[in-house]
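Structural overview for review
Take a look at the letters that make up each chain.
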Amino acid sequence: MGGAGSVRLAAALLALALTAAGSATTCAAQQLRRNYYSGVCPNVETIVRGVMARKVQQTATAIGATVRLFFHDCFVEGCDASVIVASAGNNTAEKDHPNNLSLAGDGFDAVIRAKAAVDAVPRCRNKVSCADILAMATRDAIALAGGPSYAVELGRLDGLSSSRSSVDGKLPAPFFNLDQLNRVFAANGLSQADMIALSAGHTVGLAHCGTFSGRLRGPSAPDPTMDRSYAAALQAECPANVDPRAAVSMDPVTPVAFDNQYFKNLQAGKGLLSSDQVLYTDPRSRPTVDAWAQSSAAFNRAFITAMTKLGRVGIKAGAQGNIRRNCAVLN
């Protein structure tokens, strides 16, 4: 009897230890819910949507810029708006890491404008986090570009720190193969299907010539997996002496529409980055590309699932975060 009791006690202690280890993550995930602000700022989603509609009307680049900003934020220290913080004093922030220097200013501007509009409502002032505003703005940018609409979970707190060093190794590189892509996504609890769906964020937005120039020039260039006419067009847009920061549309067919054209482009050898095209050239991911190229409904469902999972990454709760008064400045 004593032996059985000891086993039960050991099992109970192990369960308690595992529960304690995961409690912060579980607690944080549980605080996310739809209509989180219904009691304090009931019109917050309408306010943010209005700001995004005006911003996108002014410049379509805000669509891809906002989507990319959300992705870069969540993959580094979780979805906590730490990517928006500006460097100050002796601290070099996330946004000044080399991998984030290509983030377009229109994404930052959209969030800062939306935060100002929310805080202009007295009952909402300092009640809505920058992290949640970025999540809402991303959802709205996608819908405004013709992409799927979905209910966004809210309740994130803003992070308390932002450092350049925290970005190292956290973001996928434009030359990654399938295994490398899967590893960096799996580190955030995302599957291969989630990775392929989120990669379709490249159906909108711009990329700098420097991120794919290696596919156009060099010993084995142009990249044999790239359509010849597409390679020629890119060589004309990004000549050998061009500023590497010059930008081209990531989707050559429907550059400002959020759709499944991304997958059709991969089938045609028109993925801009090698990390895009590898999703078709690798036989392990090709069936998913083919399926979503054929069915926009299937892609939309998978994308909503992946975005919801992405939005839960590294959520800050309790003393782990706060609500910033200025999205670009830590309180």
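What counts and what doesn't
Residues numbered from 1 in each chain as written. Predicted model: local features only at pLDDT ≥ 70, side-chain atom pairs only at ≥ 80, totals over all residues. Heavy atoms only, no water. UniProt positions renumbered as here; feature names shortened; annotations may be inferred. Helix = DSSP H or I, 4+ residues; strand = E, 2+ residues; numbered from the N terminus. Buried < 20%, exposed > 50% of the residue type's maximum accessible area, 1.4 Å probe, protein only. Contact = heavy atoms within 4.5 Å. 1 Å grid on protein atoms, 1.4 Å probe; cavity = no way out; pocket = protein on both sides within 12 Å on 5 of 7 lines; lining within 4 Å. Points joined across faces, edges and corners; volume = space filled by probe spheres on them. Nonpolar A, V, L, I, M, F, W, Y, C, P; charged D, E, K, R; others polar. Salt bridge = Lys/Arg side-chain N within 4 Å of Asp/Glu carboxyl O. Expected span 1.5 Å × (residues − 1). Arc of directions from axis to C-beta. Axes fitted to C-alpha atoms, helices over the stretch in contact; angles between N-to-C directions. Parallel < 35°, antiparallel > 145°, perpendicular 65-115°, else oblique. Left-handed = near helix turned anticlockwise from the far one by under 90°. pLDDT = per-residue confidence, 0-100.

1. Things to note about the UniProt feature "site: Transition state stabilizer" (unreviewed entry) in the protein
Residues annotated in UniProt with the feature "site: Transition state stabilizer" (unreviewed entry) correspond here to Arg68. Within the secondary structure, Arg68 is located in helix α3 (residues 61-74). Arg68 sits in the partly exposed class, given a relative accessible area of 26%. Residues within four places of Arg68 in sequence aside, it is in contact with Asn99, Ser102 and Leu103.

2. Some details on the layout of surface pockets
Roughly 910 Å³ of internal volume is contained in the largest pocket. What lines the largest pocket is a set of 39 residues, and nearest its centre among them are Arg68, His72, Ser102, His202 and Leu273. Of all the elements in the fold, those that place two or more residues in the lining of the largest pocket are α3, α6 (178-186), α7 (192-199), β2 (206-208), α10 (274-281) and α12 (296-310). The biggest single contributor to the lining of the largest pocket is α3, with eight residues. Considered class by class, the residues forming the lining of the largest pocket number 24 nonpolar, 12 polar and three charged.

3. What to know about the pattern of salt bridges
Counted according to the given criterion, the structure contains 16 salt bridges. For Lys55, the salt bridge identified is with Asp109, shortest N-O distance 2.7 Å. Linking Lys55 in helix α2 (residues 44-58) with Asp109 in helix α4 (residues 105-119), this pair joins segments that are 54 residues apart in sequence. Accessibility expressed as a relative area gives 26% for Asp109, which makes it partly exposed. Where Lys316 meets Asp80, a salt bridge forms, and the shortest distance between an N and an O atom there is 3.1 Å.

4. Some words on α4
Compared with the 21 Å implied by 1.5 Å per residue over 15 residues, the 21 Å span of α4 between its first and last C-alpha is a close match. Along α4, the positions that sit buried rather than exposed are Gly107, Phe108, Ala110, Val111, Ala114, Lys115, Val118 and Asp119. Taken around the axis of α4, the buried residues stretch over an arc of 160°, which confines them to a single face. Residues of α4 that are buried sit in contact with α2, α3 and α5 (130-144).

5. Points about the packing of α3 against α5
Packing of α3 against α5 leaves a shortest axis separation of 9 Å and a crossing angle of 140°. As far as their axial angle goes, α5 and α3 are oblique. Of the two elements, α3 crosses α5, and the hand of that crossing is left-handed. Listed contacts from α5 to Ile63, Thr66, Val67, Leu69, Phe70 and Asp73 of α3 are Leu134, Ala135, Ala137, Thr138, Ala141 and Ile142.

6. Looking at the confidence of the model for the protein
The predicted model of the protein averages 92 in pLDDT, with 91% of residues at 70 or higher. Note that pLDDT drops below 50 for residues 13-26; the model gives that stretch one contact with residues more than four away or on any other chain.

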